[in-house]
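# Chains, contacts and geometry: an overview
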Amino acid sequence: MSTSPLPGDSSNDPTDDQSGRFVRQPNGRVRPLSPHLQVWRWHVTMLGSILHRITGGALSGGAVLVALWLLALAFGPEAYATFTGWMGSPLGLLVWFGLTLCLAYHLAAGVRHLIWDAGEGLTPKSANALATGSIVFGVVVSVVFWAGLFMTGRVSL
Amino acid sequence: MSLGTKSYIKGVKVSERHGAGEWMQERLSSLILVPLTLWGLWSGWTLSGAGYEGALAWFRSPVNATLLAVTLLVSVWHMNMGLKVIVDDYIHKPVSRNTLVGLIGLLCVVLAAAGVFFIVRLALGSAPLPAGFGA
């Protein structure tokens, strides 16, 4: 359990503090400010964790789109043409690019979690490297994937 | 595991209710999804721009149809757990939380059932819906 620094400690006197790291509680005690988003120093594992959750949520939307793809295909050529018309529009392609990004990142970040669960890569240095690596993997894989789709003529604007 | 039975693995206490089971399910579904996701990316590559006939041809391979059904079911399982954790973290009012978790469960069941239904029809080469319903 942490205690606030003692008043009178000239190097770190909370009653003298001008940095906003301490607040006076309603009971008069000086306590460190509770760490809200605004006062956390951003670090890459934190970004990695937030992105893992956001991409997971987005991929749930992607699962609905995949189900709609199956539905359109099962309803025959006209329904499928309508579906591919929407999904092949610039907005549709942007959505699918975003989903590719989410999938590639969530995959890498998920593997990162499995590594951590095995008890490996938990020092700050390796944890940061795994988080950065996951983000780089997600971006590189999705950009290469889509560049390939356009270059091979599978997809066009 | 019955309530109140304490057990330990490597000195770490195992949850007395359903926490340990959920933890295992999350990891198990993740592990299964790693190869399936790579296969899914490859399939997405194949199916992009393949058109209606190309997609039907893809479904005529039993391997593709089976892997897609497995990917869908494991993804929905994984998605249900993931969305539930998000709701548990941010929604504190029991009524709202339980309602949302219920709706997510319903969405997942509908996605799984509809998805498998369509995949089976496509794999069997059934006539397009709705005219060929039951055919």
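Residues numbered from 1 in each chain as written. Chains lettered and ligands numbered in written order. Predicted model: local features only at pLDDT ≥ 70, side-chain atom pairs only at ≥ 80, totals over all residues.

## Examining helix α1 (residues 19-47) of chain B
Rules: Helix and strand assignments follow DSSP, with helices taken as H or I runs no shorter than four residues and strands as E runs no shorter than two, numbered in order from the N terminus. For a helix, the expected span equals 1.5 Å multiplied by the residue count minus one. The quantity called bend is, for any residue, the angle between two axes fitted respectively to the seven residues ending at it and the seven beginning at it. Here exposure depends only on C-beta density: within 10 Å of a residue's C-beta, 20 or more other C-beta atoms make it buried, 12 or fewer make it exposed, and intermediate numbers make it partly exposed, the C-beta atoms being placed from the backbone. By the criterion used throughout, residues are in contact when their C-beta atoms, derived from the backbone, lie within 7 Å.
In this model α1 of chain B runs 39 Å from its N-terminal to its C-terminal C-alpha over 29 residues, within 8% of the 42 Å that 1.5 Å per residue would give. Of all the bends found along α1 of chain B, the most pronounced is centred on V34 of chain B and spans about 35°, while P35 of chain B, a proline, follows it within four residues. Within α1 of chain B the residues assigned to the buried category are S29, S30, L33 and T37 of chain B. Packing partners of the buried residues in α1 of chain B comprise α3 (90-117) of chain A together with α3 (62-90) of chain B.

## Considering the nonpolar core
Put simply, the test is: For our purposes the nonpolar core covers buried Ala, Val, Leu, Ile, Met, Phe, Trp, Tyr and Cys residues that link as a set through C-beta atoms within 7 Å.
Formed by 30 residues in total, the largest nonpolar core has its most connected members in L73, C102, L103, A104 and Y105 of chain A together with V76 and L122 of chain B. Among the elements of the structure, α1 (44-74), α2 (77-87) and α3 of chain A together with α3 and α4 (94-124) of chain B are those that each provide at least two residues to this core. Among the elements that take part in this core, α3 of chain A stands out by supplying 10 residues, more than any other. Other than its neighbours up to four places away in sequence, Y105 of chain A contacts L51, T55, S134, I135 and G138 of chain A.

## Some words on the confidence of the model for chain B
For clarity, the threshold we go by: pLDDT is a per-residue confidence score from the predictor, ranging from 0 to 100.
Scored by pLDDT, chain B comes out at a mean of 91, with 93% of its residues at no less than 70. Confidence estimates for the predicted assembly give a pTM of 0.83 and an ipTM of 0.88.

## Details of the interface of chain B and chain A
To keep it simple, the criterion reads: Three residue categories are used. Nonpolar comprises Ala, Val, Leu, Ile, Met, Phe, Trp, Tyr, Cys and Pro, charged comprises Asp, Glu, Lys and Arg, and polar comprises the others, including Gly.
Between chain B and chain A, the residue contacts involve 25 residues of the former and 25 residues of the latter. At the level of elements, α1, α2 (51-59), α3 and α4 of chain B are the ones that each hand at least two residues to the side of chain B that touches chain A. In terms of residues, the side of chain B that touches chain A owes the most to one element, α4 of chain B, which gives seven residues. Its residues placed into classes, the side of chain B that touches chain A shows 16 nonpolar, seven polar and two charged.

## Notes on the packing of α3 of chain A against helix α4 (residues 124-151) of chain A
All names here are of chain A. Test applied: Every angle, taken between N-to-C directions, lies between 0 and 180 degrees, and every axis is a line fitted to C-alpha atoms, over only the stretch in contact when it is a helix. It is the rotation of the near helix from the far one that decides the hand of a crossing: anticlockwise by less than a right angle makes it left-handed, clockwise makes it right-handed.
At a closest axis distance of 8 Å, the pairing of α3 and α4 adopts a crossing angle of 150°. The crossing of α3 and α4 is right-handed. For the pair α3 and α4, the contacting residues are F97, T100, L101, A104, Y105, A108, A109, R112 and I115 in the first and L130, A131, S134, I135, F137, G138, V139, V141, S142, F145 and W146 in the second. Tallied by class, residues from the contact of α3 with α4 come to 15 nonpolar, four polar and one charged.

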